[in-house]
2 protein chains.
Amino acid sequence: MVFHVSYPRLLPERRPPGHQPAAPRFSLRWDDPVPFLTSDYFGLQGQDLGWSEQSAFFERLRASFSEHGPDAHEIMRTTDEHGAINAILVAYWLDPTRHARWLAASPFMVWFRDPARETEAHGIWRETIAVPYDRHETIYSAPGYAIGLARTPKASRQPITMNGYFGAARDRMPVSAVDALESPLGTTLPPRRLPQSAGRRLRTSTPLNMIAIRSGQYWEGAGAEQLADYHDNLQPKLMRGMQHLVEHPQETGTLSLRIMTNLNEDGSPRAETSVLAHVLDLSQLEAWARSHETHLDIYRHAIAMNRLHKEKREVVTWHEVFALLPGLTGEYVNCHCGTGLLPYFAEA
Amino acid sequence: MVFHVSYPRLLPERRPPGHQPAAPRFSLRWDDPVPFLTSDYFGLQGQDLGWSEQSAFFERLRASFSEHGPDAHEIMRTTDEHGAINAILVAYWLDPTRHARWLAASPFMVWFRDPARETEAHGIWRETIAVPYDRHETIYSAPGYAIGLARTPKASRQPITMNGYFGAARDRMPVSAVDALESPLGTTLPPRRLPQSAGRRLRTSTPLNMIAIRSGQYWEGAGAEQLADYHDNLQPKLMRGMQHLVEHPQETGTLSLRIMTNLNEDGSPRAETSVLAHVLDLSQLEAWARSHETHLDIYRHAIAMNRLHKEKREVVTWHEVFALLPGLTGEYVNCHCGTGLLPYFAEA
């Protein structure tokens, strides 16, 4: 048996009657109950940021994981819209008490909180996703490759049928059976402000039901044919879709979006990328997915490749989605003013 | 059917094998799923605080409840250890989005956030309890009288057998099946500091698994015999117990404790009181309940009266307990420095 939470429905599901998905898909399940999930992102930011600095940042984090550390973590890198390089470590905790203890006492967090960080050459930031189980959902195109939350212990990818229609992500999130997950702010982004952030420590206070989505693709070991298709077709389509979201924040509810590349231990890129995006309201992400050409393009291509290659498909796509509780979810130290959620939710 | 959440146990229950409770008890259940519970306390504070000021505060709150207001609320009063009168309204929301919308836009919260509040004659404060369902538990000595969370729609008090032994409160909290609910701070209170709070707006950031307990007694309409017993026996025992907690914060983990009296519409006291206490770690509350004479006295008396009067018992006792998530849970404007959780968790 695997653990899951479900509620009697008060709200209709989006799944059409008699729906049969076009392609097999999988969701994460754990053997033991996991009432609460935490995903903490740590970033080092600089216009020029060599591998030695990135590596030292990752090592500082990892060295602090010996006590109360995460259940899984990955290292990544992105260059943001301001041209800054961000070295990013994402860490997943299944036990909120371990996470809280790590935050309270780890050498990394002591270093992070030191006022000396405010006046150094680089910026550092932290964005936390912490939700009850019923406020998350996952999907994977194949059961074999563990990434993200799936790398935590006692997790497996189980076949689902709640996929392959618009609204499936919402349906998969248990709380959606009884909660419309509307943003209390509606679907209009707050005014975009660029705070004085250099040399300062700023926090972001983010609203209930803000959506965090990490959406990824993995093509390590793909053969020539599928590799060529990935580079020539799927990747450009993905990039067009992401560009549309970034360039149309008000229309799509996109608050922040980072295209991150997973790294090998020597800092070289892996054949593995993911996008971390924050969206004000789930319905905005759904509207883009359902109706915008840039998403339909990605979607149709993924389905077509699945049908063509079936279990021989060598490119894995996946995502994990969280509907956040309100609170202080971000901390940015000496970062540029456009970092993450700073432009929308920096505390006064 | 009634809604409930339960997890396969990873941690042993405290209930002794074959346990049969000495007296019937009841827990709150709702007809529909309620994944998230919110209880928000609003206070007006002053050394001299007439009924007209208290009443105006309550009316300001109630007038703001027409849109996105709570599912239930009560008005109360307490005089705190500093001799200040606090007029308190507690409001319960079953829908976190309604609560968030009310916080974002209600006339009361606009007034509360106005910097003008920082320099007025009185203080105002707000303490919020907001938890997933699996982090709460309730108990009532009788099914008939609805108070606290029990006044929310579609709630009923259902008979239980998980009562009448030490550790039962923990066992009733669903998440305790898989989470020991330890404080990341251990069982030592943080240093008690008395911040500069007059004329200022301060927030408190409180730790994971801090316990909030509202524990009450209702004796309205009790006949002469049971009324006399309440006044001569139960009430003094309760007051001794509360005094012990307040006077031994380090030993008992007690961070804050208010003995509140429910009010009639004209401001006169009802035959109904409750205690709102915050405790660092559930195990500390359990240790007091299990082994300290002041609690055993209360406990034995309650059981004896239940056995004596059975269903004719006219005094209702009850509590609701919440194990909090970490975050900004309190805001204190122009309050005295000993208010609520300020001495332990005021933000720097």
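Since we're looking at a predicted model, the values are computed, not measured.

## Section: the overall build of chain A
Point 1. Helices and strands together make up the secondary structure of chain A, namely nine helices and 13 strands.
Point 2. C-alpha extents for chain A along the principal axes are approximately 60 × 50 × 40 Å.
Point 3. Carbon and sulfur atoms provide 53% of the accessible area of chain A, an area that totals close to 13700 Å².
Point 4. Looking at charge distribution, chain A has the averaged site of its 35 positive side-chain charges lying 3 Å from that of its 40 negative ones.

## Comments concerning the relation of the copies chain A and chain B
Point 1. The transform that puts chain A on chain B rotates by 180 degrees and translates by 0.0 Å along the axis, for an RMSD of 0.0 Å. Such a combination of turn and shift is consistent with a two-fold rotation axis.
Point 2. A shared binding surface is used by both copies, with 100% of the interface residues of chain A retained as interface residues in chain B.

## Considering the interface of chain A and chain B
Point 1. In this complex, chain A contributes 27 residues to the contact, which on the side of chain B involves 27 residues.
Point 2. Between chain A and chain B, a total of about 2100 Å² is buried, with carbon and sulfur atoms accounting for 69% of that surface.
Point 3. At the junction of chain A and chain B, the tally comes to four salt bridges.
Point 4. Between Glu347(B) and Arg203(A) there is a salt bridge; the shortest N-O distance is 2.7 Å.
Point 5. At the surface where chain A touches chain B, the tally comes to six residue pairs in polar contact (both at pLDDT 80 or more).
Point 6. Among the elements that take part in the side of chain A that touches chain B, helix α2 (residues 96-105) of chain A stands out by supplying four residues, more than any other.

## Focus: the pairing of strand β8 (residues 201-206) of chain A
Residues and elements named next belong to chain A.
Point 1. Alternating residues of β8 divide into Leu202, Thr204 and Thr206, all buried, and Arg201, Arg203 and Ser205, none buried.
Point 2. Sheet analysis places β8 next to strand β13 (residues 327-333), joined by six bridges and oriented antiparallel. Note that in β13 the partner of threonine 206 across the bridge is glycine 327.

## What to know about the environment of Gly338(B)
Point 1. Structurally, the position occupied by Gly338(B) is in the loop between β13 (327-333) and α9 (342-345).
Point 2. Apart from the residues within four sequence positions on either side, Gly338(B) is in contact with His82(B), Arg192(B), Leu194(B) and Pro343(B).

## A short note on the layout of surface pockets
Residue and element names in this part refer to chain B.
Point 1. Counted as a void, the second largest pocket has a volume near 880 Å³.
Point 2. Together, 40 residues line the second largest pocket, and Ile139, Ser215, His295, Tyr299 and His319 are the ones closest to its centre.
Point 3. Elements with a minimum of two residues in the lining of the second largest pocket: β6 (136-140), α4 (168-172), β9 (211-218), α5 (224-247), β11 (269-279), α7 (282-291), α8 (293-309) and β12 (316-323).

## Structural notes on the packing of α5(B) against α8(B)
Residue and element names in this part refer to chain B.
Point 1. Two elements in contact, α5 and α8, have axes separated by 8 Å at closest approach and are oriented at 160 degrees. In terms of axis orientation, α5 runs roughly antiparallel to α8. The handedness of the crossing between α5 and α8 comes out as left-handed. From α5, Glu225, Gln226, Asp229, Asn233, Leu234, Lys237, Leu238, Arg240, Gly241 and His244 reach across to α8, where they touch Thr294, Asp297, Ile298, His301, Met305 and His309.
Point 2. The class makeup of the residues in the contact of α5 with α8 is four nonpolar, seven polar and five charged.

## Quick word on α2(A)
Point 1. For α2(A), every residue scored as buried is listed here: Pro96(A), Thr97(A), His99(A), Ala100(A), Trp102(A) and Leu103(A).
Point 2. With a side-chain oxygen lying 2.8 Å from the backbone nitrogen of Thr97(A), the N-terminal cap of α2(A) falls on Asp95(A).

## Some remarks on the environment of Thr128(B)
Residue and element names in this part refer to chain B.
Point 1. Its place among the elements puts threonine 128 in strand β5 (residues 123-132).
Point 2. It is 9.6 Å that separates the C-alpha atoms of threonine 128 and valine 90, two residues lying 38 residues apart in sequence.
Point 3. Excluding residues that lie within four positions of it along the chain, threonine 128 makes contacts with Thr38, Ser39, Asp40, His99, Leu324 and Thr329.
Point 4. Polar side-chain contacts of threonine 128 include one of 2.6 Å to the side chain of aspartate 40.
Point 5. Polar side-chain contacts of threonine 128 include one of 2.9 Å to the side chain of arginine 126.

## What to know about the side chain of Arg117(B)
Point 1. Tracing the backbone through its elements, the reader meets Arg117(B) in the loop between α3 (107-113) and β5.
Point 2. For Arg117(B), the residues in contact, after removing those within four places along its chain, are Trp111(B), Phe112(B), His122(B), Ile124(B), Arg201(B), Val333(B) and Asn334(B).

## Here's the deal with empty space enclosed by the protein
Residue and element names in this part refer to chain A.
Point 1. Enumeration according to the criterion identifies five cavities of 30 Å³ or more in this entry.
Point 2. In this structure, the largest cavity encloses a volume near 930 Å³.
Point 3. At the level of secondary structure, the elements contributing two or more residues to the lining of the largest cavity comprise β6 (136-140), α4 (168-172), β9 (211-218), α5 (224-247), β11 (269-279), α7 (282-291), α8 (293-309) and β12 (316-323).
Point 4. Taken together, the residues that form the lining of the largest cavity break down as 26 nonpolar, 10 polar and three charged.
Point 5. For the second largest cavity, the calculated volume is near 90 Å³.

Rules used in this analysis
Residues numbered from 1 in each chain as written. Chains lettered and ligands numbered in written order. Predicted model: local features only at pLDDT ≥ 70, side-chain atom pairs only at ≥ 80, totals over all residues. Heavy atoms only, no water. Helix = DSSP H or I, 4+ residues; strand = E, 2+ residues; numbered from the N terminus. Areas by Shrake-Rupley, 256 points an atom, 1.4 Å probe, with all protein chains shown as cover. Lys, Arg positive; Asp, Glu negative; His and termini not counted. Charge placed at Lys NZ, Arg CZ, Asp CG, Glu CD. Least-squares fit on C-alpha atoms with pLDDT ≥ 70 in both. Contact = heavy atoms within 4.5 Å. Buried area = accessible area lost by both parts, 1.4 Å probe. Salt bridge = Lys/Arg side-chain N within 4 Å of Asp/Glu carboxyl O. Polar contact = N/O pair within 3.5 Å; in protein donor to acceptor, adjacent residues only side chain to side chain. Buried < 20%, exposed > 50% of the residue type's maximum accessible area, 1.4 Å probe, protein only. Pairing = 2+ DSSP bridges. 1 Å grid on protein atoms, 1.4 Å probe; cavity = no way out; pocket = protein on both sides within 12 Å on 5 of 7 lines; lining within 4 Å. Points joined across faces, edges and corners; volume = space filled by probe spheres on them. Axes fitted to C-alpha atoms, helices over the stretch in contact; angles between N-to-C directions. Parallel < 35°, antiparallel > 145°, perpendicular 65-115°, else oblique. Left-handed = near helix turned anticlockwise from the far one by under 90°. Nonpolar A, V, L, I, M, F, W, Y, C, P; charged D, E, K, R; others polar.

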